[in-house]
Each structure stands twice: as C-alpha cells, then as structure tokens.
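Observations on chain architecture
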Amino acid sequence: MKRESSHSVPDNLTIGASDGKLAVLTPGIGAVATTFYAGVFAVLRGLAKPIGSYTQMGQVRLGKRTENRSKKVFELVPLASLDQLVFGGWDVFPDNAYEAAKHARVLDGQLVEQLKEPLSAIEPMPAVFDRNFVRRLDGPNVKKGPNKMDLAQQLRRDIQDFIRRNGCSRAVMVWCASTEVYTPATAVHDSIKTFEDGLKNNDPAISPSQIYAYAALCERIPFANGSPNITVEMPCIQQLAHEMHTPICGSDFKTGQTLMKTVIAPGLRNRLLGVAGWYSTNILGNRDGEVLDDPGSFKSKEVSKRGVLNDIFSADKYPDLYKDIHHVVRINYYPPRGDNKEGWDNIDIFGWLGYPMQIKINFLCRDSILAAPIVLDLALFMDLCKRAKMRGIQEWLSFYFKAPVTNPGLAPEHDLSVQLLKLENTLRFFTNEELINHLGLTYYGIDEGPDGSR
Ligand SMILES: NC(=O)c1ccc[n+]([C@@H]2O[C@H](COP(=O)([O-])OP(=O)(O)OC[C@H]3O[C@@H](n4cnc5c(N)ncnc54)[C@H](O)[C@@H]3O)[C@@H](O)[C@H]2O)c1
C-alpha cells in the first residue's frame, strides 16, 4: 500500500514523489542487517509491530500547544512505505539472509522459519574486502580486480543491475558491515582527485567502506554509515556527496550504552552536577564483538564512543565540574552472550560542596534489536533527503548516531532530546509548519510598563 500524504512544502523546496520501489542496499548481511530485513517482513505480515522506529511510530506536534495538533511522521512527510522496499547487499560470506539470520541468533528460530522465503531470496553480492582492515574475518565471497578503482566500478555495476533487476526507481545504501581498523585520513583523502588517483594506484590507506561510499555517491545514491568507520568524515567523500547532489550521514548507530550516555550525561550537565569518572564496560558475544576484539577495530569504536562525553561535558566551559573526568570504555568479547550485550556503567558524580555520589547502570540490551529500527529510519529519511534535493552531510539525522558527522568547524550535538528537536523541526520545515522553539511565553504574557515598555 502506498501511503497518502497531504504534505505541503516551503516555496523553494519541492519533494519528489515516493512512487516506485526503493532498493535498500546494505554492505554487510550480518546480525543488524538481517534483523532489519526480517523485522520489515514480520511487520508486513502482521507478525510484529515496528517498535523503536520513529518513522513508523513517531508523532510530531504541530502548531501551538493549544491547537492540540499532531501527525504521525509518515503522514506528515512523503516516505516510502514498507512494502515498497527491496533489500539487497554484499557480504564476504555466501550465506543468504535466512542462513545469516540463523547464524546471528538474534531472532527466535520460529520467527526466522516463518520468514524463510523472503529472507532466502536475499543473496549476498561478492564483497569488496581487505583483511588489513578487518583482521578477524575471512570469507570466500570477495571481488577480485586489478585495482581499487576497478572494484569500485564493479560495485557500481552491482547497484545498477540490482536496481534494474528489481524494477526499483531509486536506492539508498546503509553500511551494516564490520568495523574497520582505525585509519585516519591521509593526503589521498584530501580531494576527489587525490582519492580517484589513489583508487587507481591501490593506495593502502583506502578502505573498503570508502570504496562502497564512493561507488554509491557516483551513482547518486545516499550513503549512511552505521559503523564507527570514519568513511563519511573523509573530505573526499564529503566533496563527492556535494558534487553529486547526494546526502550522506553517520557515524555509528547510537544503540545500547551510548544511547544511555546521551540521555543521562546532558541531564547531569544541565543540573551542573560534577563528574569525576565514568567507567563503561560491556560483554558481547556476536561477530561484531569478535571483530571488535581486535585492537585496531576496537580503536575505531573507542574513538566514536569516547567523543560523546568530551563533547557533552565541555570541560573548557565548566572546568570545576568536568576537567578531570576519567572516562574508560571497554568491550569484552564473550561468546556465551551472543547478541545479548550486557553493559555496566559506574558514574562517580559530585554535588553541592563537592559531596560525592554514584550512579550504576546495568543495561541488558539486545544490540541488533536496538539497531534494526535505526537502519529502517535512516533508509527512509535518506531517501526523503534525496527527493528533497538535500546534499552533503545531513546533520539533522544526528539523533541516530554515536559520532554525528558535521560540517568542518561545527561541534556535533549529542544530547538525544536536542537531536530530536532538530529532527522534528526539519520535518516541520519540509512541510511548511511553524518551527517550535519551546519558549512558551505566548501562553503567559509579560506585564508592560506604563510607557508600554517591557
Ligand atoms: N548492533 C549494534 O547495536 C550496533 C551499534 C552500532 C554500530 N554497529 C555496527 O554495525 C555494524 C554491523 O554490526 P553487526 O552486529 O551486524 O555485525 P556482524 O558481524 O553480525 O555483521 C557484519 C557483516 O559484515 C560483513 N562484512 C565485513 N566486511 C565487509 C565488507 N567489506 N563488505 C561486505 N560485507 C562485509 C561480515 O562478514 C558480517 O557478515 C558493525 O560495524 C557494528 O560496529 C552495530
């Protein structure tokens, strides 16, 4: 069913129709991707509700509070509906999505069997893979080519063939593959030109995720990065997104422990409570945990997880409260738990006159259950961005990321509630609705002086 949307848009903004099928392409057909595909199939069959998905369940308040007006997100903006989505992807393992979902052991076996038919139809295309970037994995379903530019061209052909074979009118790409070893930008990432030369010369600093992003953007397909890889932080990728009039966003899906951090840390800062230390540790037993057991891949995760508190507790503004925070993040690979991660946080805080207190959080979460609705929302919103002719970094989607990418010089916003305000206001902007600043003084009034001054 195609959803009716009675949207109107600002004069200078037109949003293309959401007609036709939307290809959702995921590099990586592992725990997160299969939980996402299976979830959409389950919702379409009436087996489950899309819990955790803002695009499917969220509501946006419109106008003044006294108007009592709100709309469901999918009624407000013209999003693709779930039955318009067609899934495809790449993986280094040849397992189809049914086999991969069974391997991931996120969903119960009965549900996976009920969805066997649509899941089995999703066969991974051969991956662009380089063990130097993911040392703990090796698989046979990998592309071969004389250089990285040739691999990028093969990906472009995969995308074109997929769209044609499935009769899709457009596509988005959401990176759901493993975390790569942390490798900062080098001179090869400076510009589109240096990057393209590097692809031809097999520059060792170009990682597979960058090759996928390059291929997607050359096809003018939006690219969202769900891992801590710094793919969309690279200047060449940002320039290419701009030049190809195509949106990008990232990085690292904000699930479990960091989701909690970006709820609690802004609260502590807003009440001016000091923090002496924040110790976070996790046990995790899925393939992601195995990959992160490698120090190089963990470094990527650590950088994206640690940045959050530095930005929220700006020590330069509040040295008395936050200058000496000891922030420790650990992820321990522990196979018995599979995808059911357990996270512990110990927060040492101090209040009035410096008196110490402690907060303990023990989150028994399900990693991919938290990540899957984010993949869905990003796919639908990135498609919306493209149809609204938005290009480059989509900061309004920071809500979904641990390490939101911003334009150079802009500090990222980590506070989950501020991120939601940004997202909601962007949807209001798309539909020509009044932006809401929560000042609220119009409900109360301010006394005027005898001369009419305030
Ligand atoms: N689950 C979460 O809550 C969560 C949160 C934030 C970020 N992430 C990130 O999402 C990504 C996926 O997580 P997951 O739990 O599904 O991991 P997973 O290990 O189950 O799946 C990743 C898949 O990617 C494949 N892969 C690796 N390199 C590839 C390449 N170059 N091309 C194609 N396929 C490749 C692997 O073979 C694997 O099947 C990871 O980077 C993870 O860090 C997950």
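Residues numbered from 1 in each chain as written. Predicted model: local features only at pLDDT ≥ 70, side-chain atom pairs only at ≥ 80, totals over all residues.

Attention now moves to unusual backbone geometry. A cis amide bond links Gly250 to the next residue, Ser251, at an omega of 0°. The topology assignment puts Ser251 in the loop between strand E8 (247-249) and helix H11 (256-270). (Helix = DSSP H or I, 4+ residues; strand = E, 2+ residues; numbered from the N terminus.)

Domain parsing of the protein chain yields domain 1 (21-253 + 368-430) and domain 2 (256-364). Contacts between the two partners involve 27 residues from domain 1 and, on the opposite side, 27 residues from domain 2. (Domains from an automatic or database assignment. Contact = placed C-beta atoms within 7 Å.)

Examined against the element boundaries, Asn229 turns out to sit in the loop between strand E7 (223-225) and helix H10 (235-243). For the pair Asn229 and Ser300, spaced 71 residues apart in sequence, the C-alpha to C-alpha distance is 6.3 Å. With residues near it in sequence (within four places) discarded, Asn229 still touches Thr179, Glu180, Ser207, Ser209, Ser251 and Ser300.

Turning our eyes to something else, we now look at helix H4 (residues 97-104). Along H4, the residues that are buried comprise Ala97, Tyr98, Ala100, Ala101 and Ala104. An end-on view of H4 places all buried positions within 165° of arc, on one side of the element. Among the structural elements, helix H1 (31-44), helix H5 (109-114), helix H6 (116-120) and helix H15 (367-387) are those in contact with the buried residues of H4. Remark: Arg105 follows H4 within two positions and exhibits a positive phi of approximately 55°. (Buried ≥ 20, exposed ≤ 12 C-beta atoms within 10 Å, placed from the backbone. Arc of directions from axis to C-beta.)

Another point: the sheet that holds strand E11 (residues 342-350). Taken in spatial order, the four strands of this open sheet run E10-E9-E11-E12, and their pairing is mixed. The outermost strands of the open sheet, each flanked by one partner alone, are strand E10 (326-333) and strand E12 (356-364). Neighbour to neighbour, the strand axes of the sheet diverge by 10° on average, direction disregarded. The sheet contact formed by E11 and E12 spans nine bridges and is antiparallel. (Pairing = 2+ DSSP bridges. Axes fitted to C-alpha atoms, helices over the stretch in contact; angles between N-to-C directions.)

The subject of this paragraph is the packing of H1 against H15. At a minimum axis distance of 8 Å, the contact between H1 and H15 shows a crossing angle of 65°. The angle between H1 and H15 falls in the class roughly perpendicular. Judged by the twist between their axes, the crossing of H1 over H15 is right-handed. Where H1 approaches H15, its residues Ala31, Val32, Thr35, Phe36, Gly39 and Val40 are matched on the opposing element by Ser368, Ile369, Ala371, Ala372, Val375 and Leu376. Of the residues contributing to the contact of H1 with H15, the split by class is nine nonpolar, three polar and no charged. (Parallel < 35°, antiparallel > 145°, perpendicular 65-115°, else oblique. Left-handed = near helix turned anticlockwise from the far one by under 90°. Nonpolar A, V, L, I, M, F, W, Y, C, P; charged D, E, K, R; others polar.)

By the element assignment, Ser280 lies in strand E9 (residues 274-284). Given 23 C-beta atoms within 10 Å, Ser280 falls into the buried group. Sequence separation between Ser280 and Ile361 is 81 residues, and the spatial gap between their C-alpha atoms is 9.3 Å. With residues up to four places along the chain from it excluded, the contact list for Ser280 reads Gln257, Val328, Val329, Arg330, Gly343 and Asp345.

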